[in-house]
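As a plain string of letters, each chain reads:
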Amino acid sequence: MTTEAMAPRPRERRAAHLVRLAALTGALAFAAPAAAQGGTGADPRVGLRAGWNDAGEAIRNMAMISHTPKPEGFFNPSNSGDFGYINSDLAFRGSLVFMGGYHGVQIYDYSNVSAPVLRGSIACPGGQGDVSVWGNLLFMSVEQTSGRVDCGAQGVQDTVSAERFRGVRIYDISDIARPRQVADVQTCRGSHTHTLVPDPKDPRSIYVYVSGTSVVRSGAELAGCAKSADDPNTSLFRIDVIRVPLNAPQQARIVSQPRVFADPATGAVAGLWKGGNHGEGTQTTSATNMCHDITVYPQLGLAAGACAGNGILLDIRDPAHPVRVADVSDPNFSYWHSATFSNDGSKILFSDEWGGGTAARCRETDRPQWGADAIFRRSGNTLSLAGYYKLPAPQTAEENCVAHNGSLVPVPGRDIQVQAWYQGGISVVDFTDPAHPVELAFFDRGPMDAGKLVLGGFWSAYWYNGHVYGSEIGRGLDVLDLTPSAMLSRNEIEAAKLVHMDRFNPQTQTRMRWPASFVVARAYVDQLARGNGLSADQVSQVRADLDRAEGSGAAARRTALRALSTRIRGYAAGSSDAPRVRMLADAVTALTTARG
């Protein structure tokens, strides 16, 4: 959600402070009510009943596992759309899910995904409160000018005040029931979002890329801050980089403020999109003086920045000093919001938050290329537009809807993303062919209100260790599963579940790898059958051979699998999908050395 969209929050709420709700308030989890199960005909998302906690639901190729309403103290009973209490982004560690928000952080234990338990919370308003986790450290963004050093909810009235906090807070969560702030780093524009970046040469440190999108504070409040774009030391046109010694987080400090938008020829700091439209009939695009979100992919040494008026590619091999190596613009984009790499890094999916997240931008009359995802192919440092994806179900004028946060679903051989669309719900899309992305599954609820637009819907939707987690702005936290369909087989879903992460910060992307498994091989076979990459006879034979091998003893299995792998490689020459045939052969080869 962009800063421009933020409504000021009331100040009358009780003073907030670090509170512990661990185990005091059990998160109520229950099975979802019966939902409309769409067939292949009319889209069941159209015409859903409105309501805060009793809205109509539509679901296809997914199943609701649990819905956890907001706990006491994290919602306004008299105002479902109170901006001061909306949920925001998610981070994961083990069985714990950290959910940020404008009022603070909620920490849930999902050891049992059907019955999650609230383990702790931090009441500390100051903006959307994006979160990340690394070991026993929790990072939280604070951006609003009302943010206070003491986490109070009364705000800060003076234009210059020592009571104001804007930047990144760092908590020790060794005792998850009692998070303890151990450091804070003030920045000139605050922290709208942030991204953790491991140092490949020093595991004792981590870097934090801070994206501030709000106003620049006075230099009288924080030394070095400069508001004017004409000031050579302006706090615009840069990001902040914080280095955090993991064993001494209290020593965290800003180590660089790279000018990642600079003109390489002239050195001018405002080297990218200046703001405005791109010509008649095009979108009006924000000026590039900030990044909204940066997704790093350390194994590639790259980061993709969604930076208001441009998408950019950064070389982060020296994480303290990221360097821009490519940039793109798009006349259909209003505000470059977030980015996701494909697992092999050959594609980047950028999202456009047209309307700032608070407007209805998925109406039938809205252009399908506006407020959508733009998918780029990457070759080295060159990006080229391949296609767009937008939620295919039109939403009402009472539903804020636009492309928002998502992550990859680790199905081998395919590029699949699960993504939040605010009140457009959750959509799962295959962008393996970036020119022709296809929706595979969805979940949606009706509007918060039938008569007016009340802010709501999914802020984020992420795949984590076998499930889809969705943070609902006004309703709570959902967990869903994918279910088999003609477009996604049970083997593919089970193969995705083999990818395990000890922690997951969606803006810190890591390469997904699959262990040697028969279900991975069968997932490839299913894809080749669906896409006619092998003949029906070949598919039948390979499936039968895999079944026989799996039922054999170790020695016979290895022999059979070696023969099968060789035979499959021979199929590649005559296949319309030779790369996938070779992936299948590699998966079968991997089984020959697997234990068991």
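I will try to describe carefully the structure that is included in this document. Just so it is clear, the structure is predicted and the values come from calculations on it, not from any experiment.

When helices and strands are tallied, the protein chain shows 5 helices and 33 strands. If one aligns the C-alpha atoms of the protein chain with their principal axes, the spans along those axes are about 75 × 55 × 55 Å. For the protein chain, the residues scored as buried account for 61% of the 596 residues in total. Partitioning the intrachain contacts of the protein chain with sequence separation of at least 6 by distance along the chain shows that 62% fall at a separation of at least 24. Across the protein chain, the mean location of the 57 positive side-chain charges is 5 Å away from that of the 57 negative side-chain charges.

Let's shift gears to helix 4 (residues 554-571). Taking 1.5 Å per residue as the helical rise, helix 4 with its 18 residues ought to reach 26 Å, and the 26 Å between its terminal C-alpha atoms agrees with that figure. Among all positions of helix 4, only R557, L561, L564, S565, I568 and Y571 are buried. Buried positions in helix 4, seen along its axis, are confined to an arc of 110° and lie on one side of it. Of the exposed residues in helix 4, those oriented more than 90 degrees away from the buried face are A555, T559, T566 and G570. Residues of helix 4 that are buried sit in contact with helix 2 (518-530), helix 3 (536-550) and helix 5 (578-592).

Counted under the stated rule, the structure contains 4 disulfides. Here C124 is linked by a disulfide to C151, with a sulfur-sulfur distance of 2.0 Å. Between C124 and C151, the S-S torsion sits near -75°, and that sign places the bridge as left-handed. Here C124, found in the loop between strand 7 (117-123) and strand 8 (131-134), pairs with C151, found in the loop between strand 9 (137-142) and strand 10 (167-172); they are 27 residues apart in sequence, far enough to count as distant. The buried category is assigned to C151, whose relative accessible area is 7%. Paired by a disulfide, C291 and C307 hold their sulfur atoms 2.0 Å apart. Judged by the torsion about the S-S bond (70°), the C291/C307 disulfide is right-handed. Highlighted residues: C291 in the loop between strand 17 (284-285) and strand 18 (293-297) and C307 in strand 19 (residues 302-307), separated in sequence by 16 residues. Take C291 and C307: they sit in the same class, and that class is buried. Indicated for the protein chain is the disulfide connectivity 1-2, 3-4, 5-6, 7-8, based on numbering the bonded cysteines in sequence order.

Before going further, it helps to examine the packing of aromatic side chains. Applying the stated criterion across every chain, the model contains 20 aromatic pairs. Arranged with centres 5.1 Å apart and planes meeting at 75°, the rings of W336 and F350 form a pair that is edge-to-face. Of this pair, W336 sits in strand 22 (residues 336-341) while F350 sits in strand 23 (residues 347-352), placing them 14 residues apart in sequence. What makes W336 buried here is its relative accessible area of 0%.

Note that an α-helix has 3.6 residues per turn; residues three or four places apart therefore point the same way. Taking 1.5 Å of rise per residue, 15 residues should cover 21 Å, and helix 3 covers 21 Å from first to last C-alpha, within 8% of that figure. All buried positions along helix 3 are accounted for by V539, V542, D545, L546 and A549. Projected onto a plane normal to the axis of helix 3, the buried residues spread over an arc of 135° and lie on a single side. Set apart from the buried face of helix 3 by more than 90 degrees, the exposed residues are A536, D537 and R548. On the buried face of helix 3, the contacting elements are helix 2, helix 4 and helix 5.

The rules we used
- Residues numbered from 1 in each chain as written.
- Predicted model: local features only at pLDDT ≥ 70, side-chain atom pairs only at ≥ 80, totals over all residues.
- Heavy atoms only, no water.
- Helix = DSSP H or I, 4+ residues; strand = E, 2+ residues; numbered from the N terminus.
- Buried < 20%, exposed > 50% of the residue type's maximum accessible area, 1.4 Å probe, protein only.
- Contact = heavy atoms within 4.5 Å.
- Lys, Arg positive; Asp, Glu negative; His and termini not counted.
- Charge placed at Lys NZ, Arg CZ, Asp CG, Glu CD.
- Expected span 1.5 Å × (residues − 1).
- Arc of directions from axis to C-beta.
- Disulfide = S-S within 2.5 Å.
- Phe/Tyr/Trp six-rings, centres within 6.5 Å; stacked < 30°, edge-to-face > 60°.

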